[in-house]
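Now for the letters of each chain:
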Amino acid sequence: MKKDKIIIKAEHVSFTYEDGTKGVRGIDLEIKEGKKIAVLGANGSGKSTFFLCLNGIHKPSSGRLFWEGVPYDYSRKGLLRLRSKVGIVFQDPDNQLLLSDILQEISFGVLNMGVDPGEAVKRAEEIAKEIGIWEFISQPTYSLSEGQKKQVSLADVMVMNPKVIILDEPAAALDPYHSHLIHSMADQMAEKGITVLISTHDVDFACEWADEAVLFHKGQVLAVGEPERIFSQINLLKQTHLDQPRAMAVALSLQKKGILPVEIGLPVSIQELEARIEAWKPDTLCGSKNDKAEKKGILVVSFGTSHEDTRRKTIEAIEKEIESVYTDSIVYRAWTSGMIIKKLKSRDHYHVDTVEQAAERMKKDGVTHVIVQPTHVVNGIENERMKEDILAFCHEFTSISFGSPLLTSSEDNEKVLKVLTEAFQGLPKDTALVFLGHGTTHYANAMYAALDYQLKDMGYKNVHIGTVEAYPSMETIKKKVAEDGYRRVILAPFMIVAGEHAKNDMAGDDKGSWKCQFEAIGCQVECVFKGLGEYEGIRQIFLEHVREARERAGL
């Protein structure tokens with residue numbers, strides 16, 4: 001790769017939408033091979049429109065684009081070649097993902113290029129492993145989190161072996177963990193010699209990461225240059241409604257007050273600021289070194305329960321098994337339900353940490369490496385909030401690694417169903433077994449319907465999984481039980497604990513309970529009060545997830 005070789009050149013590029021809106025106006029820009037380029041500007045400044053022109057999705061209304069000195073070819077064959085070289089990951093991954101099967105999704109583009117199907121799948125598998133999505137490769141794309149969808153979208157592009165990758169606001173709507181992950185992947189691509197363009201509003205990231213910054217304003221390129229030069233121009237930043245990076249702003253403020261000399265310049269990161277200060281007066285400042293010995297902690301996060309009997313059999317049983325297996329770690333507890341935590345404190349004077357309190361406790365105890373293992377059934381709202389809470393402490397620990405909820409992969413699904421069907425084997429032909437799950441408005445709720453379908457596919461026509469708050473609902477299950485003519489129904493919770501929902505929603509005497517509703521259609525009902533956490537096979541799945549998290553953390 002020649003130094004500063006121009007890979008894409010824009011000459012007076014303009015694009016006007018059909019309604020007359022001018023997306024970009026007279027763009028002149030040279031994109032150099034192998035560079036990391038941050039593109040910044042307010043919403044509507046033309047960044048995304050220009051990206052679509054670079055990828056050939058938009059053909060300029062006027063002006064020209066060149067690939068390695070040759071004008072863009074907008075024929076079908078020319079565009080296929082171009083898009084194999086210039087890949088784009090859209091801000092909203094749902095606009096990019098077309099198929100529910102992840103491997104098919106990743107291999108779709110190379111198949112269109114005429115690659116042999118076997119070779120396409122092989123390349124898709126290699127990319128999935130390379131960028132860290134193999135662990136959830138068997139999940140349908142619609143069940144993935146936003147961060148995971150972004151990873152799959154990136155795999156769609158990476159499998160084409162492009163020379164240029166465009167990431168349109170890749171950290172939008174992502175949690176800190178996935179934002180950091182996407183940014184790290186951008187670094188890895190740049191290390192391979194790929195030219196990487198990222199549009200972002202994060203000036204701190206752009207200043208520290210990029211080789212070159214491009215400022216867009218009202219459809220035009222306002223400035224291009226090294227980040228240190230671009231971000232030191234306060235008036236230029238104000239014009240584009242951007243703040244100065246924190247490290248520069250702090251250094252400039254201290255210089256104005258005479259605390260720091262102007263000679264140390266304006267650093268691009270906090271770490272660089274610290275280094276420059278230490279180099280300036282190393283004998284007057286006390287640096288802190290992290291000479292603590294490694295100390296491992298496992299934080300087991302549960303929703304919680306106000307029922308002591310089921311807590312001991314489920315949550316505490318899971319915690320004790322983790323503690324007995326991983327003797328090199330301290331096991332901590334946190335619950336995500338503030339309502340249950342308050343209830344226990346008021347009623348029983350029994351304290352349980354929130355996630356934040358547990359993190360503070362681990363920090364105080366000197367824990368350096370944290371494994372977070374949720375006992376949540378699916379990767380829903382509670383699990384995502386838990387991650388946000390613990391990631392707020394990411395700078396307090398050497399490493400944080402997350403174990404998966406109970407149902408995360410197809411292997412998990414099969415193991416769970418095997419445990420439950422073996423526990424209830426030998427059901428009479430006139431008896432239906434109905435599991436009561438919680439349900440969620442989160443898209444992860446699709447897992448319940450998938451499990452119910454999988455049971456039928458396995459031949460268990462008389463076993464159903466429903467939810468209290470989502471689909472499949474009680475009405476759905478009740479209708480099916482009535483149609484199939486079952487006279488007896490066994491109800492069991494599909495929740496980690498057999499607590500409030502099991503004792504009231506499932507087996508309560510209120511006419512709205514599942515027991516009473518089945519009795520109302522003439523069924524004899526038996527209720528089994530056994531939470532998922534009581535099954536040894538279920539606890540083994542959580543132990544396996546802890547092991548996987550430790551391996552990812554290198555512990």
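Novice: Would you mind going over the pairing of strand 16 (residues 463-467) with me for this structure?
Specialist: Looking along a regular strand, one sees side chains alternate from face to face of the sheet. Judged by how many residues are buried, strand 16 sits mostly within the fold: five of five residues are covered. Neither face of strand 16 is left uncovered, since the one carrying Val463, Ile465 and Thr467 and the one carrying His464 and Gly466 both have all their residues buried. Pairing analysis gives five bridges linking strand 15 (residues 431-437) to strand 16, with the strands arranged parallel. Paired with Phe435 across the strands is Ile465, a residue of strand 16.

Novice: Can you walk me through unusual backbone geometry in this structure?
Specialist: Excluding glycine, a negative phi dihedral is what most residues carry, and trans is how most peptide bonds are arranged. Residue Pro472 is reached from Tyr471 by a cis peptide bond, and omega for that bond is 0 degrees. Inspection of the secondary structure assignment puts Pro472 in the loop between strand 16 and helix 19 (474-483). Unusually for a residue other than glycine, His12 sits at a positive phi of about 50 degrees. Mapped onto the elements of the fold, His12 is located in strand 1 (residues 6-16). We classify His12 as exposed; its relative accessible area is 54%. Positive phi outside glycine occurs at His241, with the angle close to 60 degrees. Secondary-structure assignment places His241 in the loop between helix 9 (234-239) and helix 10 (246-256).

Novice: Can you walk me through the nonpolar core in this structure?
Specialist: Nonpolar side chains tend toward joint burial in soluble globular proteins. In this structure, Leu40, Ile106, Ile133, Leu167, Met189, Val196 and Phe231 are the most contacted members of the largest nonpolar core, which totals 50 residues. Each residue touching Phe231, except ones within four places of it in the same chain, is listed here: Leu40, Val203, Ala206, Cys207, Ala213, Leu237, Gln244, Pro245 and Met248. Core analysis: the next-biggest nonpolar cluster, separate from the first, contains 45 residues, Tyr326, Val378, Leu417 and Ile465 among them.

Novice: Is there a simple way to explain the sheet that holds strand 1 in this structure?
Specialist: Think of a sheet as strands paired side by side through backbone hydrogen bonds, with each pair either parallel or antiparallel. Taken in spatial order, the four strands of this open sheet run 2-1-4-5, and their pairing is antiparallel. Taken across any chain shown, the strands that pair with only one partner, and hence form the sheet edges, are strand 2 (22-32) and strand 5 (70-71). Note: strand 4 (residues 62-67) against strand 5, two bridges, orientation antiparallel. Along strand 5, the bridge assignment pairs Phe66 with Pro71. The strands that helix 1 (residues 47-54) touches are strand 1, strand 2 and strand 4; relative to strand 2, the one it contacts most, it runs at about 60 degrees.

Rules behind the numbers
The residue numbers shown here count from 1 along each chain, following its written sequence. Local features in this predicted model are restricted to residues of pLDDT 70 or higher, and side-chain atom pairs are both shown and tallied only at a pLDDT of 80 or more, whereas totals for entire chains, interfaces and linings draw on every residue. To get the side-chain values, all heavy atoms of the structure are used, and hydrogens and water are removed first. For each residue, the accessible area found with a 1.4 Å probe, counting protein chains only, is set against the maximum for its type, and the residue is called buried under 20%, exposed over 50%, and partly exposed in between. Under the scheme used here, helices are H or I runs from DSSP no shorter than 4 residues and strands are E runs no shorter than 2 residues, and both carry numbers assigned from the N terminus. Think of it this way: DSSP has to see at least two bridges between two strands before they count as a pair. Joining through side-chain atoms within 4.5 Å is the link that ties buried Ala, Val, Leu, Ile, Met, Phe, Trp, Tyr and Cys residues into a set, and such a set is a nonpolar core. Only heavy atoms matter for contacts: two residues are in contact if any of them lie within 4.5 Å across the pair. Whenever a helix is involved, its axis is fitted only over the stretch in contact; in every case the axis is a line through C-alpha atoms, and angles between N-to-C directions fall within 0 to 180 degrees.

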